[in-house]
Amino acid sequence: MKLKDIAAAANASMYHRPDFKKIKGAFYPRNEDELAEAVKRAREGEYEITPKGGGSGLSAGCTGGNAERVIVSSLKMDKVLSISLEEGHADVQAGITPVQLNDILATMSMKFLVTPSSRDIATIGGLMGTDGGGNDTWANGTMRDNTLHAKVILYDGTKLKVGWDGVECENEVLEAALNKKGMNLNDLASSHGTIGFVSELRVKIKPLPRKRLLGGLAEYENANVLGEVLTTMIEEKCPITYGEAIVEAHPDVRGDLKPPLLILEFPFDYSCDLREITHFEPLTKTELNRMKEIRLKLPKRNPKDGVQVALFEGYGFHGENLLNMQEGISEINSLLQQHDFVPFAKSGHAPSKWYLGDNHPAYGIVMHSREIRPQNKSGVEIYKTVEALVAKCQELGITPKPEHKWPFADEVKKARLQELRMILGERMNSFIFEPNCASETLASMV
Amino acid sequence: MLEDKCVRCGSCVKFCPMFDAIGEEQYSPRGKIYLLQVMDLIEDDEELAKEFRKVLFECTMCGRCSEICASDVDLLRIWHEQRLKAFETAPDEFEYLESLRNSIANVRNIYGLPMDDRAIYWADEIEQDIPEIEDKIYERGKTADVAVFLGCLMSFRSTQIDVVRTMIQGLERAGINYLVMGAEEFCCGHPLDLMGDEKGAEELREHNKGILKDMGAKKVVTACPGCLYQLKNNHKVEGIEALHHTQLFDRHYESLPTLTLSDDFVYHDPCELHRLCDVKVEPRSLLAKMGVNYRDLEVSCCGGGGLLRMTDPEVSDKIIELRKQKERLANTTVITACPACREQLLNAEIATVDISELLEYNLRTEEENT
């Protein structure tokens, strides 16, 4: 074992204790040629490849499970290749973060509009792998909605260009086979590196908004009221530009917050219409920025005693269960307490949008949750809580994004990926297709 | 365990100058914390343990990771503790630092030069400008309101003479009653602190505290942020305020003449000054009083901290070279307020001035004009 290989497995999920002996190498290519060389080296060793971006996800997608594998990180592929202001797009290497890209675009009064909370480390290639979004997803869509095409390198070294109209490839036979299957960017979105390594992307960029914006803070009696407000916002397609909910917060981190609450930013000329949907207290620019900062840091904070853990990436409340959010949360909390977890913080982009495995959009709130981890519980015991939560949420109809644990449980998405992998090869991040949602592997890594 | 609080979000990775220069996770704060979190799985492998001990010293100790950590993990404290542990576990792996330790132990400075020379090099150089300087060097029995703590770099390095000269000229102009600690000054202990050698550092501090008390000083002033950190946080001499020279001068001058130089100025915050000592306002306040037009550089390390120049000089050089390119420093003049940053900048052939040099130039020009 080498320190470099072990450290390459660092990631934000609770699945961070793999069998390190199975990691056979780590690569940090800086360009397409170095990437091709890394892929070749893995192939020569007959190892799987685990593509990795910033490692900020909570679903273990970048871990590679416990397969004999090499980890290929995109973190040093962080260059902007070209920018077309006229056509509104930028060509970027996959390892650039939204913050890095937007620092450059800001000098041109432009912006890339996928900014997750982890925007300082999540890579754009990684966001494609999870179809990530942020507080601007409601207004601007997820990563797939902001991508025009992506270049991918396959396990055998073949290069693909995947767009909305299909696939381009030097191998005409392969190109024809993939296009016959109707492969496009929908397939790459949320594929978790199971198709290939995304090396470059052409992403949409837009002018910085010039409208005068206002900030507002809305506090609610309970989560059902919050859910009702979000439902109305969704139905009326309200043009808010920023929406974040803090649903619950432990006294250690609550401060002067009174959750459930919504932090909003919206066009000045929409404020009257918004008041028809929800009450809110106006926020000054400074107050709004403070609230945004609190929200951004909340999922990373710790209790005074003990440590926090994320059992799930996000609970997807939408449709009917958005109106019964409080009941859903109460049941989740009750189950957590039965398993000796203390609910710590719940927050999320709201209203938001995500895609289900059949590529249909869902609208609601992706609620991230953190709990205080009980002492003296083994990883296997903690994973049992995850399984109990999966069952509970399935019972309640609370559905996740495909990558948002329940570990890779979207059977429609998985079936589609497996269909494509029959053509593309099956040596990229295959643990995701292990039986029973890879539960055995995941439980061993907590 | 402190490291258990880290949620491995990765927000520290891209800010880390070591990761920027080398590009592999084991050099990033998250990578190192992760290795600590899984140490129980790997510690039986002696080669890995050895490699980890080495990596702990591949760090500029700039503290930016601690500053941005939303999980409130005291990363700097962890680095200090782990370095001490590494040193105690395998002292033979750190022989390259032994000469530094021996120098400090034997002659109380980092260069291994005779103790008396601490008050000779710079004094000889500035005597022409400040003829009475010999009288302003501390000897037993002499007292003053302000003690000047030069530190090892400024006492021995020829590259620092202009800063020493202008700082002392500044004290003279301001009519401050001061004494330079001179040959009675011991190393502040910062290098030992960075190795985790708390006991060795404490011995040095005890001596310095005794001198400061004997001098009857109410303030101790230094131009070195590393020394300031030690004087302020670890010497803790009752009744004596530790100040950076920019703080002292900023308090003294309510207004200043406008600087007539028209260089393309930028300001580099020394990490230990900005982040560890929380001195951010006064350097900028002085520049504002002089009407200096400048742009702020990213609040990032120059690569000269954490003993990195000893543990991995190539990476140290790479860090400053990367900054030179990214922040377009080739044709600028970097204003800073730290002798270690000055050394790094000069090594990379970047023009640099200490704020005290600008201040003295400014006041002298005004004097000549009137």
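Quick summary incoming for the structure in this document. Keep in mind it's a predicted model, so treat the numbers as computed, not measured. (Residues numbered from 1 in each chain as written. Chains lettered and ligands numbered in written order. Predicted model: local features only at pLDDT ≥ 70, side-chain atom pairs only at ≥ 80, totals over all residues. Heavy atoms only, no water.)

Brief notes about the overall build of chain B
Here is step 1: A tally of regular secondary structure across chain B gives 20 helices and 8 strands.
Here is step 2: Based on the C-alpha atoms only, the size of chain B along its principal axes is roughly 70 × 45 × 35 Å.
Here is step 3: A total of 370 residues make up chain B; the buried ones form 62% of that total.
Here is step 4: For chain B, restricting intrachain contacts to residue pairs at least 6 apart in sequence, the fraction spanning at least 24 positions comes to 72%.
Here is step 5: Surface exposure of chain B reaches about 14,800 Å², of which carbon and sulfur atoms provide 46%.
Here is step 6: Looking at chain B, you have 43 positive and 69 negative side-chain charges, and the mean spots of the two groups are 4 Å apart. (Helix = DSSP H or I, 4+ residues; strand = E, 2+ residues; numbered from the N terminus. Buried < 20%, exposed > 50% of the residue type's maximum accessible area, 1.4 Å probe, protein only. Contact = heavy atoms within 4.5 Å. Areas by Shrake-Rupley, 256 points an atom, 1.4 Å probe, with all protein chains shown as cover. Lys, Arg positive; Asp, Glu negative; His and termini not counted. Charge placed at Lys NZ, Arg CZ, Asp CG, Glu CD.)

Some details on the overall build of chain A
Here is step 1: Along its length, chain A carries 16 helices and 19 strands.
Here is step 2: Dimensions of chain A, computed from C-alpha atoms along their principal axes, come out at roughly 60 × 55 × 40 Å.
Here is step 3: Across the 446 residues of chain A, 62% fall into the buried class.
Here is step 4: Contacts in chain A between residues at least 24 apart in sequence constitute 71% of all its contacts with a sequence separation of at least 6.
Here is step 5: Put simply, chain A shows about 17,300 Å² of open surface, and 48% of that area lies on carbon and sulfur atoms.
Here is step 6: Once the 54 positive and 61 negative side-chain charges of chain A are each reduced to a mean point, those two points are 5 Å apart.

Considering the interface of chain A and chain B
Here is step 1: Each side of the interface is counted separately: chain A has 40 residues, and chain B has 31 residues.
Here is step 2: For the pair chain A and chain B, the summed buried area comes to about 3,000 Å², and 58% of that belongs to carbon and sulfur atoms.
Here is step 3: The three residues of chain A that bury the most area against chain B are A:Leu3, A:Arg17 and A:Lys300, which together make up 23% of that side's buried surface.
Here is step 4: The tally of links from chain A across to chain B stands at 5 salt bridges.
Here is step 5: Two residues, A:Asp78 and B:Lys14, come together in a salt bridge whose shortest N-O distance is 3.4 Å.
Here is step 6: Seen at the junction of chain A and chain B, the total is 22 residue pairs in polar contact (both at pLDDT 80 or more). (Buried area = accessible area lost by both parts, 1.4 Å probe. Salt bridge = Lys/Arg side-chain N within 4 Å of Asp/Glu carboxyl O. Polar contact = N/O pair within 3.5 Å; in protein donor to acceptor, adjacent residues only side chain to side chain.)

Describing a nonpolar patch on the surface
Residues and elements named next belong to chain A.
Here is step 1: A surface patch of nonpolar side chains, amounting to about 230 Å² of accessible area, comprises Leu85, Ile104 and Met108.
Here is step 2: Tracing the chain through its elements places Ile104 in helix H3 (residues 98-106).
Here is step 3: A residue is classified by how much of its surface remains accessible, and Ile104, at 35% relative accessible area, is partly exposed. (Patch = residues over 30% accessible without salt bridge, like charges linked within 9 Å, V, L, I, M, F, W, Y side chains within 5 Å.)

Side note on a negative patch on the surface
Here is step 1: Residues B:Asp124, B:Glu125, B:Glu127, B:Glu132, B:Glu134, B:Asp135 and B:Glu139 make up a contiguous surface patch of negative charge.
Here is step 2: According to the relative accessible area criterion, B:Glu134 is partly exposed, its value standing at 39%.

Details of the side chain of B:Arg53
Residues and elements named next belong to chain B.
Here is step 1: Tracing the backbone shows Arg53 in helix H4 (residues 46-56).
Here is step 2: The exposure class of Arg53 is buried, given its relative accessible area of 8%.
Here is step 3: Side chain to side chain, Arg53 and Glu46 meet in a polar contact 2.9 Å long.
Here is step 4: The contact partners of Arg53, leaving out residues within four places of it in the chain, are Glu46, Ala86, Thr89, Ala90, Glu93 and Phe94.

Observations regarding the nonpolar core
Here is step 1: Counting residues in each nonpolar core, the largest one holds 88 residues, and the members touching the most others are A:Leu160, A:Leu201, A:Leu262, A:Leu311, A:Phe317, A:Met325 and A:Ile365.
Here is step 2: Those residues in contact with A:Ile365, other than ones at most four positions away along the chain, are A:Leu230, A:Ala245, A:Val247, A:Tyr315, A:Gly316, A:Phe317, A:Leu322, A:Met325, A:Gly348, A:His349, A:Ala350 and A:Trp354.
Here is step 3: Residues B:Ile161, B:Leu212, B:Leu228 and B:Leu273 belong to the second largest nonpolar core, which totals 65 residues. (Core = buried A, V, L, I, M, F, W, Y, C linked by side-chain atoms within 4.5 Å.)

Regarding the side chain of A:Arg144
Here is step 1: The residue A:Arg144 is located in the loop between helix H5 (137-140) and strand S7 (147-153) in this model.
Here is step 2: Here A:Arg144 falls in the buried class, since its relative accessible area comes to 1%.

What about the packing of helix H8 (residues 223-235) of chain A against helix H13 (residues 325-338) of chain A?
Residue and element names in this part refer to chain A.
Here is step 1: Put simply, H8 and H13 touch, their axes get as near as 6 Å, and they point 135° apart. Relative to H13, the element H8 lies oblique. Of the residues in H13, those in contact with Ala223, Asn224, Leu226 and Gly227 of H8 are Met325, Gln326, Glu327 and Ile329.
Here is step 2: Taken together, the residues that form the contact of H8 with H13 break down as 4 nonpolar, 3 polar and 1 charged. (Axes fitted to C-alpha atoms, helices over the stretch in contact; angles between N-to-C directions. Parallel < 35°, antiparallel > 145°, perpendicular 65-115°, else oblique. Nonpolar A, V, L, I, M, F, W, Y, C, P; charged D, E, K, R; others polar.)

Re the pairing of strand S10 (residues 197-204) of chain A
Residue and element names in this part refer to chain A.
Here is step 1: Here S10 lies mainly inside the structure; 6 of its 8 residues are buried.
Here is step 2: Where S7 and S10 come together, 6 bridges link them in antiparallel fashion. Note on S10: the bridge partner recorded for Thr147 is Val203. (Pairing = 2+ DSSP bridges.)

Thoughts on the sheet that holds S7(A)
Working definition: the strands of a sheet are paired by backbone hydrogen bonds and lie parallel or antiparallel to each other.
Residue and element names in this part refer to chain A.
Here is step 1: The 6 strands are arranged S4-S5-S10-S7-S8-S9 in an open sheet whose pairing can be described as antiparallel. Because the sheet does not close on itself, it has two edges, and the strands there are strand S4 (80-84) and strand S9 (167-169). Pairs of neighbouring strands in the sheet enclose a mean axial angle of 15°, with direction left out of account.
Here is step 2: Where strand S5 (residues 89-93) lies against S10, 5 bridges are found, and the strand directions are antiparallel. Among the inter-strand pairings, Val92 is bridged to a residue of S10, identified as Leu201.
Here is step 3: Seen against the sheet, H3 touches S4, S5 and S10 and runs at an angle of roughly 45° to S4.
Here is step 4: Those strands touched by helix H6 (residues 172-180) are strand S8 (159-163) and S9, and its axis lies near 170° from that of S9.

Topic: the pairing of strand S13 (residues 242-249) of chain A
Within a regular strand, the side chains alternate between the two sheet faces.
Residues and elements named next belong to chain A.
Here is step 1: Burial runs high along S13: 7 of the 8 residues are buried.
Here is step 2: In terms of strand pairing, S13 meets strand S14 (residues 261-267) through 5 bridges, oriented antiparallel. In the sheet register, Tyr242 faces S14, and the bridge partner there is Glu265.

Description of the sheet that holds strand S7 (residues 333-336) of chain B
Residues and elements named next belong to chain B.
Here is step 1: Reading across the sheet, the 4 strands line up as S6-S5-S7-S8 and stay open at both edges, with parallel pairing between neighbours. Bordering the open sheet on either side are strand S6 (294-296) and strand S8 (351-354), each of which pairs with just one other strand. Across this sheet, the average inter-strand angle for adjacent strands is 30°, counted without regard to direction.
Here is step 2: Direction of pairing for strand S5 (residues 265-267) relative to S7: parallel, over a ladder of 3 bridges. In the strand pairing of S7, Val266 is matched with Val334.
Here is step 3: Taken strand by strand, helix H20 (residues 355-369) contacts S5, S7 and S8, and its axis lies near 75° from that of S8.

Some words on the pattern of salt bridges
Here is step 1: Applying the stated criterion across every chain yields a total of 59 salt bridges over all chains.
Here is step 2: Its salt-bridge partner being A:Arg416, residue A:Glu419 comes within 3.7 Å of it at the nearest N-O pair. Here the residue A:Glu419 and the residue A:Arg416 both occupy positions in helix H15 (residues 411-424), the gap between them amounting to 3 residues, near one helical turn.
Here is step 3: Exposure remark for A:Glu419: the relative accessible area of 33% places this residue in the partly exposed category.
Here is step 4: For B:Asp250, the salt bridge identified is with B:Lys289, shortest N-O distance 2.8 Å. Of the two residues, B:Asp250 sits in helix H14 (residues 245-252) while B:Lys289 sits in helix H16 (residues 281-289), which places them 39 residues apart along the sequence.

Some remarks on the packing of helix H14 (residues 379-396) of chain A against helix H16 (residues 435-445) of chain A
Relative placement of two packed helices is described by the angle separating their axes and the distance separating the axes.
Residues and elements named next belong to chain A.
Here is step 1: At a minimum axis distance of 10 Å, the contact between H14 and H16 shows a crossing angle of 160°. When the axis of H14 is compared with that of H16, the two are roughly antiparallel. In the crossing of H14 with H16, the sense of the turn from one axis to the other is right-handed. Along its contact with H14, which presents Gly379, Val380, Tyr383 and Glu387, the element H16 presents Asn436, Cys437, Ser439, Leu442 and Ala443. (Left-handed = near helix turned anticlockwise from the far one by under 90°.)

Geometric values such as these leave the question of function open.
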